[in-house]
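Chains, contacts and geometry: an overview
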Amino acid sequence: METYCYISMIALFCYAFMLLTFLAAKKDKLVNSFLIVLVALIFWTGGSVFMRLELWPDYKFWFQVSLCGILLLPYAYYRFINVFSGIREQWVGKVYIVVMMACFLVNWKYGWLLAPPALVKHGGDITFVYDMDLKAAGFFLVAAALLAHMFRNLVKVCRSNKNMRRQYEPLIVGIVLLFAGNLAIAIPFFEGFPIDLLCGLLNALALLFALIRRRLFRLQMLASEGLCYGVGLMFCLIFFANLSPYLQRFVQRYIPPAEGHYVMIFAVLFLLAYLLFTFVWRLLMSNVFIKEELLQAEQLKRFGRTVSKTLRLQDIMEATIQVIKDTIQTESIYICIQNGPGMAYQGRYSDRPLSDLSFALEEENPIVQWLKKNDDPLLYREFRYSVEYKSMWESEKHELEKMGLHCCVALKDDNQLVGILLLCDHTGKRQLGYSDLQILSSITSVASIAVKNARMYEQACLEARTDELTGLLNRKYFYEMLNQEFEKNKDGSLVLAIFNVDDFKLYNQLYGMKEGDYCLKRIAQIIRGSVGEQGYVARYSGKEFAVLLPGYDVLSARTLMESIQKQIYEMNSHEQSFKLKAITVSVGISAAPYAAKSVKELLNNVDMAVYHVKQSGKNGLRVFDTVFQQNLELEDTRKHVHIYKEYESTIYALTAAIDAKDHYTFSHSNNVAYYAVELARYLGMNEDVVEIIRQSGLLHDVGKIGIRETILNKEGALTNEEYEIIKGHVEASIDIIRHLPSLDYVIPAVIGHHERYDGKGYPRRIAGEDIPATARILCIADSFDAMTSKRCYKRAFSVEKAKRILQEEAGKQFDPAMAAAFIKCLDEGRIKLVNGEFSGENGNI
């Protein structure tokens, strides 16, 4: 009897231990259903134990408690299996629990179905003998039917998903034991032996093993406070229940005076033992389990801080690999990243610098599809039993087995799979436990958030840097790259080219805006495909594209631009649906430092080259480079009238209007044009620029047409108000010229001829080389003529005095290099003083 009772007590202790353990676990449907199973087992076993001990009120009461647990257990087990398998609870279980509980209440009252067992004494032992008849068998047949239905569901799930067989094996064993234990009660051989409780204990252990396989049980749960106090209480109750008789005899024999205080002594010793046991248990569990968990938590915290400080994807991936190496034992780590929707997950990062990252997981790969649908890590050894594995190509299987794939974890941006973490182990000896998978899930959760932030930052940067229509760099970011590359290539070569689409407005009118946008996209693709990684491509304006080529010489750049120009011309000839107008482009090229000493000058030169092509009839290419230009002129034997001569009539019409208004201004404009042209030629500028400077000199004061003669010819000093009116002639000149689109190329020189090199001029107050070179030349020519001309309010300065002023103002009002060159031209006789009755401008220089 005592042996049998201890079997029941051991079972009860195990159930209580598991109950306290899982009460500390994170609650979900599966854990809650397992707790119901444990409660049913405790009712069953606890009632049996207390019945055998014949505790108060009597053994019949505890028999009914045990019977309640037996009847509740099939439903609890049925519910647990359904949740474990992902099956929605069916009406069968609900009907069972209602019917069985009703039968139980009737049986408790009248004992019609299963009466309490009879007590049979054999010497000093007491045995409980059950009277099993057909009515009692009804109880168990109904329970067996529910369990059989549950078993049927279990088999169905195993057949549909063979990967789950290994997880369900403990459950199947538990069902068989539960059936066998309850049926064995009726076998005479087991009469009086609690075979049902023993099988129930084995069944509970099988359930625990299934949860361990499902990774719902972890050893850290043993260190929970609830389990610590609960186990301490159970241990002390059992210990002092057996110690009490010996303790009482000890007090009576050795401490007679304290016999009257025995209850107090017992309570104090019980409390001290309880506190000692809980302290030792907590200390032991903390050192064994919690210490490692705290270390992992600290590493995870450091990892979170690290990735939160960066928005670079590479830094995040490197930190992820490092924290995995520090917390999990694995041979090698790979991270695959998807570069865009529908693309493969390409190997990008590894913990080994020499690892082969040429592999990729296609989006249709069953592993990728599984990770998209699930958030849990995928163990490859379990995946090999699945139907999805069998659908993989043999080449894919071979590649993964060659890598020694052990585990896959998803990196997700919301619900989108953006990356895959691969853990590999060729030996196959390392097994990932529950804690490893938990820390992996935590790491990837933090990494996924960091990846999401990094991708949002990259997307924002991409949108801020690129043109929405073509996907090329936008103008703003292109300027940044241009300035950076200009600084990097000061000792090398930097080529800038601009493509201007000819007659694009007409193209839009012919085919519509949609076709026009499509045309720009195709042009962008051609340019980007031709330039590749060798340079930068940007959408410079609505119909202009810019190409920046660091390290290129002019000859190589010209060859590349001609190839692109030809591809653009031929792109519409391949259209099969309908004939489209051929697209031509005007291309300008300039190089630094040969033809430009600043970014501003480089941009101005390439704009000028494009403009020259436009005025020459479009569909051409022009290089703004003195040496190369001379070679081209030697090769080109065709003679043609200079394109700018076409606008002589317009220019002379304007100068005639000036002459009618103020003859002095007319003469001054001619003088300035002469001085500026000679200086430009001395500086080595090509004829295009020289002609633009000449026309700029003729038109630079055209705005004075609108100023009163009383102010223009005033003999005394100008008032502040009058001086502001005089300064307004610059804007007035631009207002006149801008209405003549064919002459807009002179605007940079005209608007800047009163700017100062030190930035104190007007109207824009720009300084240094930000002032166009043409405007700096015009400033010197304008000032020299103003100084050496006689006016109504002053005498003409001598050439020597004018030269001295130019030297003094070099670096202040004038470009120092150009001022020195102008003085040298005067000294050498290249530039001669213009004689005339009226020479000079209102002398406010």
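All values derive from a computational prediction rather than experimental measurement.

**Things to note about the pattern of salt bridges**
- One pass over the full model with this rule turns up 23 salt bridges.
- With a closest N to O distance of 3.9 Å, glutamate 678 and arginine 681 form a salt bridge. Here glutamate 678 pairs with arginine 681, and both are found in helix α23 (residues 663–682), just three residues apart, close to one helical turn.
- On the basis of relative accessible area, arginine 681 is assigned to the partly exposed category, the value being 45%.
- Between arginine 694 and glutamate 691 there is a salt bridge, and its shortest N-O distance comes to 2.8 Å. Here the residue arginine 694 and the residue glutamate 691 both occupy positions in helix α24 (residues 687–699), the gap between them amounting to three residues, near one helical turn.
- Residue arginine 694 is classed as buried on the basis of its relative accessible area of 17%.
- The class for glutamate 691 is buried, based on a relative accessible area of 9%.

**A word on the pairing of strand β7 (residues 405–413)**
- Within β7, nine of the nine residues are buried, which leaves it mostly tucked inside the rest of the structure.
- Where strand β6 (residues 378–379) and β7 come together, two bridges link them in antiparallel fashion. Bridge pairing in β7 links leucine 379 to cysteine 407.
- In the sheet, β7 pairs with strand β8 (residues 416–424) via eight bridges, with the strands oriented antiparallel. Along β8, the bridge assignment pairs cysteine 408 with leucine 422.
- Hairpin connection, β7 to β8: the antiparallel pair is bridged by two residues, and aspartate 414 has positive phi, about 60°.

**Regarding the environment of aspartate 414**
- Of note, aspartate 414 is situated in the loop between β7 and β8.
- Of the residues examined, aspartate 414 reaches a relative accessible area of 54% and is grouped as exposed.
- Here the alpha-carbon distance between aspartate 414 and lysine 452, two residues 38 residues apart in the chain, equals 7.9 Å.

**With respect to the confidence of the model for the protein**
- Mean pLDDT over the protein: 80, with 85% of residues reaching 70 or higher.
- With pLDDT under 50 throughout, residues 627–644 is counted as low confidence; its partners more than four residues away or in other chains account for 20 contacts.
- Taken as a whole, residues 836–845 scores under 50 in pLDDT and shows 43 contacts with residues more than four places along the chain or in a different chain.

**Comments concerning the nonpolar core**
- Formed by 53 residues in total, the largest nonpolar core has its most connected members in Leu699, Ile737, Ile777, Ile780, Phe784, Leu806 and Phe822.
- Among the elements that make up this core, the one with the highest residue count is helix α29 (residues 773–788) (eight residues).
- Look past the residues within four positions of phenylalanine 784 in its chain and what remains in contact with it is Tyr675, Ala802, Leu806, Phe822, Leu826 and Leu833.
- In this structure, Ala40, Leu71, Tyr78 and Leu171 belong to the second largest nonpolar core, which totals 50 residues.

Rules used throughout
- Residues numbered from 1 in each chain as written.
- Predicted model: local features only at pLDDT ≥ 70, side-chain atom pairs only at ≥ 80, totals over all residues.
- Heavy atoms only, no water.
- Salt bridge = Lys/Arg side-chain N within 4 Å of Asp/Glu carboxyl O.
- Helix = DSSP H or I, 4+ residues; strand = E, 2+ residues; numbered from the N terminus.
- Buried < 20%, exposed > 50% of the residue type's maximum accessible area, 1.4 Å probe, protein only.
- Pairing = 2+ DSSP bridges.
- pLDDT = per-residue confidence, 0-100.
- Contact = heavy atoms within 4.5 Å.
- Core = buried A, V, L, I, M, F, W, Y, C linked by side-chain atoms within 4.5 Å.

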